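# Structure assessment
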Amino acid sequence: MLKKRSGLALGAFIAVAAVSCSKNDDVAPVWSPDVQLINVLSQNNVAQEDTLFFKVKAATGSTFSWFVDGKDAAVADSVFKFVSNELGEHTIRVAASGNGQSASSDAKVTVYGKYKFGTFVLNEGNMTSENGSLVFISPSGVVTENAYFKANGTDLGNVAQDLYIHNNKMYVISQNGKTNAVGSSFTNDGMLVVANAETLKKEAAYNDELAALRWPTHVAVLNEENVILRDNNGLYNFNTLTKTLTFIKGSRSAAKMTMAVSNNKVFAAAGSKVYVVEPNKDTLTYALDMKASVSGVVKANDGNIWVSTTGSPSKISKINYRDYSLIKANEISAGSVSAGFGATPGITAKGDTLYFSGAGTKIYRHVFSVGTTEFMVDAKTMVENAGVVYNNIAVHPLTGEVYLNTIKGYGPAYLFNSISVFNFSGKPVLSNNYKDYTKFPAGIFFTYSFN
C-alpha cells in the first residue's frame, strides 16, 4: 500500500511541474499577415499640394514602411500624409513586418492640377505700371495670388481682359500685350497666352502674330484652329497652329462683352444684335436682331442662350441655339440688366435663376419659369469700401452663390477692394469676403462653367 501511494504522489508531482512550466514559459504571439490600408478621407483624387491621410491596421507590435510609386517614403509611423506635385496616378503601399514575416497593402490615388477646380478672378493690372494677373480661390476658400506668375515666373499681358478654358487649356487675352496704349514696353508673355488649365504652366504665347488687333478684349474657343477674338474692329478667327489671323466678315460692331459658346458656335453681342460664328468660316453665320440694346449673352444649362436687353421694357430672353428662334421673353420690372461700363454680361445664370445688378451694388434675382423678380441685397450694407462695382456679378454654377467685385474708388483707393460671396438660399448672407486681392478685376470665372 505504501508503494502504491508513492507512485500516485510522483505522478501528481510531474503533472504539477508540467503545469508550472507551461505557465512560466514565454510563448510568442502568432503574427497576423492581415494588413489593411485605410484612406482616412475616402478620397481617391486630390489636387497638387493638398494632403491625403492614410493609416494602417495591422497586428500589435508591427513595424511599418511606406512607399510611393515604389520609392521609400522614409516614414515608419502608422499614419502617412500624402502630398504630391506630380500629376497622374500614384500607388501608395505600406509594408508591415513582425516575427520575421511581412505583408503589404496598396491604394491608388490620382493627383490633378491645383487649378483644375475653383474660381479665377482676372486682374487687368494698371495700364501704365503693371501687367495682368490671376487670383485663384480653391473650393475650400484658399486664395492664391499671382497664380500665373507663381507657375511660370513671368506675367500675363498688360491689361488682361478675358479668359476661356477649352480642352484643358486656358486662353488669356490682354488689351495691350507687351506695349501699352502710349507706347511703353512691358516685359510679359504677350497678348494671347495659352496655359495648361490645371497647372497654369505656359504652353504658348502670341504677340507679334496679333499685331493687327486694336485693343482686343475677349476670347472664345471652339478648337485650336478656331480661337475667336474680339477687338475694336470686330471678330477674328485665330488659328494657333498656323498662326494666321482672319477677320470675320460682317462682324463689325461686336460689343466689348464676354461671348458665349454652345453647340460649337460662338454667340457675341453687337448693339441690338447677337452674332453667331461657326468654325472654319470667315463670315458670320447669323445676326439675330433683338430689337433693343443687348447687355448680356450667356449660355443656359440646356445649351440655349440667355440674352438680356435694355430699354422700355428691359427683357431677358431665351434663344434656341439651333435655329435662333425665340423660346420665351420676360419683361424685367425691377432692377437693371445693364452691363454698365463693364466688359462682362449684365446677367448671370444658374439653371432657371438669373441675377443682375446693373453694374451696381443692388442685386436682384429673376426666376425665369415663373417670371418673378425680387430684390436680394444692397452689398453696401454688408461689404466695407464697396464704392465701385468693377465688372458684373457672377453666380457659381454649382453652389449658386453670387460673386461681386468692388473697389473703394479710383486712384490709390483701388487697393482697397473685395471679392464678396453672397448666399441667397435663405436670408441673404455674406458667406465669404476676400479683401485686397484684386487690381481692377476684369471678371470672375468658374472652372466648372467650361465643362
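First, a word on what this report is: a plain description of the structure on this page. Predicted model only: the values in this text are computed from it and were never measured.

A tally of regular secondary structure across the protein gives two helices and 37 strands. Taking 22 Å as the expected radius of gyration for a compact globule of 451 residues, we find that the protein reaches 32 Å, considerably beyond that expectation. The buried share among the 451 residues of the protein stands at 49%. Sequence separation of 24 or more characterises 49% of the internal contacts of the protein that already satisfy a separation of 6 or more. A total of about 20,900 Å² of accessible surface is found on the protein, and carbon and sulfur atoms cover 50% of it. Charge-centre separation for the protein: the mean point of 40 positive side chains lies 5 Å from the mean point of 36 negative side chains.

Now for unusual backbone geometry. With an omega of 5°, the peptide bond between S312 and P313 qualifies as cis. Position of P313 among the secondary structure elements: in the loop between β25 (305-310) and β26 (314-319). If you check the backbone angles, S253 has positive phi at about 80° while not being a glycine. Along the chain, the position of S253 falls in the loop between β19 (244-247) and β20 (260-262). The exposed category is assigned to S253, whose relative accessible area is 58%. You will see that N264, though not glycine, has its phi angle at about 60°, which is positive. Mapped onto the elements, N264 comes out in the loop between β20 and β21 (265-270). In this structure N264 comes out as partly exposed when scored by relative accessible area, which is 39%.

Before going further, it helps to examine the packing of aromatic side chains. This model, assessed by the stated rule, comprises 20 aromatic pairs. Between Y115 and F120, the aromatic rings sit 6.2 Å apart at their centres with planes inclined by 35°, giving tilted as the arrangement. Look at Y115 and you get buried, because its relative accessible area is 6%. For F120, a relative accessible area of 1% corresponds to the buried category. When the centroid spacing of 4.7 Å and the interplanar angle of 70° are considered together, the rings of W306 and F368 count as edge-to-face.

Membership of the largest hydrophobic core comes to 29 residues, with the highest contact counts inside it found for L192, L210, V219, V227, L229, L235 and V266. Examining the composition of this core, we find that four residues originate from one element, strand β16 (residues 218-223), more than from any other. Not counting residues within four places of it along the chain, the set of residues in contact with V219 comprises D162, L163, Y164, Y171, I173, V227, I228, L229 and M259.

Under the criterion given, the structure shown has 11 salt bridges. Here D282 ties to K249 by a salt bridge, and the two come within 2.9 Å at their closest N and O atoms. In this pair, D282 sits in the loop between β22 (273-277) and β23 (286-289) while K249 sits in the loop between β19 and β20, placing the two residues 33 residues apart along the sequence. A salt bridge links E384 to K435; the shortest N-O distance between them is 3.2 Å. Residue E384 is located in the loop between β31 (372-378) and β32 (388-389), and its partner K435 is located in strand β36 (residues 429-435); the two are separated by 51 residues in the primary sequence.

To continue, consider the pairing of strand β29 (residues 353-356). Pairing geometry for strand β28 (residues 348-350) and β29, over three bridges, is antiparallel. In the sheet register, A349 faces β29, and the bridge partner there is L354. A loop of two residues connects β28 with β29, the two strands running antiparallel in sequence, and G351 in this loop sits at a positive phi of about 60°. Examined bridge by bridge, β29 and strand β30 (residues 362-367) share four bridges and lie antiparallel to one another. Its bridge partner being in β30, F356 is matched across the sheet by Y364. Where β29 folds back onto β30 in an antiparallel hairpin, the turn is made up of five residues, including G358, whose phi is positive at roughly 60°.

Before going further, it helps to examine the pairing of strand β34 (residues 402-407). Working note: regular strand, side chains alternate between the two faces of the sheet. When you tally the buried positions in β34, you get six out of six residues, the bulk of the element. Across the two faces of β34 the burial is the same, with V402, L404 and T406 and Y403, N405 and I407 all buried. The sheet contact formed by β32 and β34 spans two bridges and is antiparallel. Looking at β34, one finds that V389 is bridged to T406.

A cluster of nonpolar side chains, contributed by V40, L41, F53 and V79, occupies part of the molecular surface with about 290 Å² of accessible area. Note on placement: V79 falls in strand β6 (residues 79-82).

In this section: the side chain of S133. Tracing the sequence through the fold places S133 in strand β10 (residues 133-137). Excluding residues within four positions of it along the chain, S133 makes contact with V121, L122, N123, N146 and L156.

Sheets are built from strands that pair by backbone hydrogen bonding, the pairs being arranged parallel or antiparallel. Strand order in this open sheet of four strands is β12-β13-β14-β15, and the pairing throughout is antiparallel. Across the chains shown, the open sheet's two edge strands, defined by having one partner strand only, are β12 (158-166) and β15 (202-206). If you compare each strand with its neighbour and ignore which way they point, the axes differ by 15° on average.

Turning to the sheet that holds strand β2 (residues 45-47), a few remarks are in order. The strand order across the open sheet formed by five strands is β2-β8-β7-β4-β5, and the pairing between neighbours is mixed. Single-partner strands in this sheet number two, and they are β2 and β5 (71-72). The pairing of strand β4 (residues 63-68) with strand β7 (residues 88-98) spans six bridges and is classified as antiparallel. Looking at β7, one finds that V68 is bridged to I92.

Here is what the cut-offs are and how they apply
- Residues numbered from 1 in each chain as written.
- Predicted model: local features only at pLDDT ≥ 70, side-chain atom pairs only at ≥ 80, totals over all residues.
- Heavy atoms only, no water.
- Helix = DSSP H or I, 4+ residues; strand = E, 2+ residues; numbered from the N terminus.
- Rg over C-alpha atoms; globule rule 2.2 N^0.38 Å.
- Buried < 20%, exposed > 50% of the residue type's maximum accessible area, 1.4 Å probe, protein only.
- Contact = heavy atoms within 4.5 Å.
- Areas by Shrake-Rupley, 256 points an atom, 1.4 Å probe, with all protein chains shown as cover.
- Lys, Arg positive; Asp, Glu negative; His and termini not counted.
- Charge placed at Lys NZ, Arg CZ, Asp CG, Glu CD.
- Phe/Tyr/Trp six-rings, centres within 6.5 Å; stacked < 30°, edge-to-face > 60°.
- Core = buried A, V, L, I, M, F, W, Y, C linked by side-chain atoms within 4.5 Å.
- Salt bridge = Lys/Arg side-chain N within 4 Å of Asp/Glu carboxyl O.
- Pairing = 2+ DSSP bridges.
- Patch = residues over 30% accessible without salt bridge, like charges linked within 9 Å, V, L, I, M, F, W, Y side chains within 5 Å.
- Axes fitted to C-alpha atoms, helices over the stretch in contact; angles between N-to-C directions.

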